[in-house]
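Below are the chains, spelled out letter by letter.
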Amino acid sequence: MKLIKPLLGFFCVSVLSLGIAHASMPKSQILLADLNTPYGLQVTIVSDKTSYNNQPYLTSTGLYFTHEVLVGDKSQTDIAYYDLTTQQVSNLTKSAVSEYSPTLMPDKSNLSAIVVEADGKQKLWQYSPLSEGPATRIFDWIEPVGYHAWGIKNDLVMFILGEPHTLQYTSVEAAKGQVVASNIGRTLIYNNSTATFLFSYTKNEQHILASFNPQNKQVEDLLRLPSQVQDFILKDDATIAYAIKNRVYQRKLNGSNEISQWLDLSTYCKTNITRMSYNNEKLAFVCDITK
């Protein structure tokens, strides 16, 4: 495990075609907002802002994210981890290929990620950060994988790149994708309370948030999202949140049209918040860095 120079500080107040990365990757910074402190909202800088830092995955102990590593005039991405206790960032993969989209597996000890293999194919791999054991490929034939989300029975949904992009469901045991929906967005979330997967897709030229039930294999449309929203999170079992520019809005999943502002993060991000991850009163968010 290689230690990355920590980038800490307090303020008191999408990559679909992954391939071999170059130094022109969009610059972005990850910050962490603690929403429940004795001093109110506090925001910590997690990553640098001179490279690509994205796809945060927040847990109760730390934050996994995709971090760009520059090598000469080219770059690749590794999986980094920010420890909430030590406030240190470490490189978990440090490999010769690029990894993206870190996600905890159902056992809560292993980590899955998209790997751009030497031949350019994008496949799903498994890592064991605690044991530091060797990484292994989960599916040999399912590709190209862009994003994924795990259920609780070693099952998962995957964003499979194509024309159009499709949502596919499988399990580690089955190892064969079943197409669930087409023209989907990049956000995939498992909702434990309903035992369903959440995703978005385009239907009749509208941006729809929907659920997929792995038990009966049915898709249910829940609500319409703003056209500019690509990413959303679960704030709680019944509420989603999404960012527009540098403000975060919340909305119930029951189809209600009532939308309210949850957070104004314009003090910490002057441009656009592109992705978020929420866990236990903490919100990791990605801020675009413009030249």
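Description of the structure in this document. Because the structure is predicted, anything quoted here is derived from the model rather than measured.

1. Description of the overall build of the chain
- Helix and strand content of the chain: zero helices and 26 strands.
- Taken against the 2.2 N^0.38 rule, which gives 19 Å for 291 residues, the C-alpha radius of gyration of the chain at 18 Å falls within 12% of a compact globule.
- In terms of its C-alpha atoms, the chain occupies a principal-axis envelope of roughly 45 × 45 × 35 Å.
- For the chain, the proportion of its 291 residues judged to be buried stands at 52%.
- By element, 49% of the accessible surface of the chain is carried by carbon and sulfur atoms, the whole surface being about 14000 Å².
- Distance between charge centroids for the chain: 4 Å, based on 25 positive and 26 negative side chains.

2. Describing the layout of surface pockets
- Of the voids in this model, the largest pocket is the one considered here, and its volume is about 1100 Å³.
- Lining the largest pocket we find 38 residues, and of these Tyr57, Leu188, Ile189, Tyr190 and Ser277 sit closest to its centre.
- Residue assignment for the lining of the largest pocket shows that the elements contributing at least two residues are β5 (53–58), β9 (98–104), β13 (145–150), β17 (189–191), β21 (233–236) and β25 (273–279).
- The element best represented in the lining of the largest pocket is β25, accounting for five residues.
- Partitioning the lining of the largest pocket into residue classes produces 19 nonpolar, 12 polar and seven charged.

3. Examining the environment of tryptophan 262
- Take tryptophan 262: it is sitting in strand β24 (residues 259–264).
- Residues tryptophan 262 and tyrosine 242, 20 residues apart in the sequence, show an inter-C-alpha distance of 9.4 Å.
- Beyond its immediate stretch of four places on either side in the chain, tryptophan 262 contacts Leu35, Ile233, Lys235, Ala241, Val248, Tyr249, Gln250 and Tyr278.

4. Considering the sheet that holds strand β18 (residues 196–203)
- Pairing in this open sheet of four strands is antiparallel, and the strands run β17-β18-β19-β20 from one edge to the other. Both edges of this open sheet fall to β17 and β20 (218–224), since each of them pairs with a single strand only. The mean angle between the axes of side-by-side strands here comes to 40 degrees, regardless of whether they run parallel or antiparallel.
- Strand direction decides the pairing type here: β18 and strand β19 (residues 206–213), joined by seven bridges, are antiparallel. Opposite lysine 203, over in β19, you have glutamine 206 as the bridge partner.

5. With respect to the pairing of β19
- The buried fraction of β19 is high, at six of eight residues.
- Between the antiparallel neighbours β18 and β19 lie two residues, among them asparagine 204 with a positive phi of about 55 degrees.
- Bridge count for β19 against β20 is six bridges, and the pairing is antiparallel. Across the sheet, the residue bridging to serine 211 is glutamate 220, located in β20.
- Joining the antiparallel neighbours β19 and β20 is a turn of four residues, in which lysine 217 adopts a positive phi near 60 degrees.

6. Digging into the pairing of strand β23 (residues 247–252)
- Pairing analysis gives six bridges linking strand β22 (residues 239–244) to β23, with the strands arranged antiparallel. Looking at β23, one finds that threonine 239 is bridged to lysine 252.
- Hairpin connection from β22 to β23: two residues lie between these consecutive antiparallel strands, with lysine 245 at a positive phi of about 60 degrees.
- Across five bridges, β23 lies against β24 in antiparallel orientation. Within β24, the position partnered with glutamine 250 by the bridge is serine 260.
- Connecting β23 to the antiparallel partner β24 that follows it, the hairpin turn spans six residues, and glycine 255 within it adopts a positive phi of roughly 95 degrees.

7. What to know about the pattern of salt bridges
- Using the criterion set out here, one finds six salt bridges in the structure.
- Salt-bridge contacts for lysine 282 lead to aspartate 34; the nearest nitrogen and oxygen are separated by 3.6 Å. Residue lysine 282 is located in strand β26 (residues 282–288), and its partner aspartate 34 is located in strand β3 (residues 28–34); the two are separated by 248 residues in the primary sequence.
- Given a relative accessible area of 21%, aspartate 34 falls into the partly exposed group.
- Close ionic contact of aspartate 231 with arginine 186 constitutes a salt bridge, the shortest N to O distance being 2.6 Å. Here aspartate 231 is found in the loop between β20 and β21, whereas its partner arginine 186 is found in the loop between β16 (178–182) and β17, with 45 residues between them in sequence. An identical accessibility class is assigned to aspartate 231 and arginine 186; each is buried.
- A single network of salt bridges, built from pairs that share partners, joins Glu117, Arg137 and Asp140.

8. A short note on the packing of aromatic side chains
- Considering all chains together, one arrives at seven aromatic pairs under this definition.
- Each ring, one from phenylalanine 199 and one from tyrosine 201, has its centre 5.6 Å from the other, and the planes form 40 degrees; the classification is tilted.
- With a relative accessible area of 12%, tyrosine 201 lands in the buried category.
- Here the aromatic cluster, defined as three or more aromatic residues joined through ring pairs, consists of Tyr169, Tyr190, Phe197 and Phe212.

Conventions adopted
- Residues numbered from 1 in each chain as written.
- Predicted model: local features only at pLDDT ≥ 70, side-chain atom pairs only at ≥ 80, totals over all residues.
- Heavy atoms only, no water.
- Helix = DSSP H or I, 4+ residues; strand = E, 2+ residues; numbered from the N terminus.
- Rg over C-alpha atoms; globule rule 2.2 N^0.38 Å.
- Buried < 20%, exposed > 50% of the residue type's maximum accessible area, 1.4 Å probe, protein only.
- Areas by Shrake-Rupley, 256 points an atom, 1.4 Å probe, with all protein chains shown as cover.
- Lys, Arg positive; Asp, Glu negative; His and termini not counted.
- Charge placed at Lys NZ, Arg CZ, Asp CG, Glu CD.
- 1 Å grid on protein atoms, 1.4 Å probe; cavity = no way out; pocket = protein on both sides within 12 Å on 5 of 7 lines; lining within 4 Å.
- Points joined across faces, edges and corners; volume = space filled by probe spheres on them.
- Nonpolar A, V, L, I, M, F, W, Y, C, P; charged D, E, K, R; others polar.
- Contact = heavy atoms within 4.5 Å.
- Pairing = 2+ DSSP bridges.
- Axes fitted to C-alpha atoms, helices over the stretch in contact; angles between N-to-C directions.
- Salt bridge = Lys/Arg side-chain N within 4 Å of Asp/Glu carboxyl O.
- Phe/Tyr/Trp six-rings, centres within 6.5 Å; stacked < 30°, edge-to-face > 60°.

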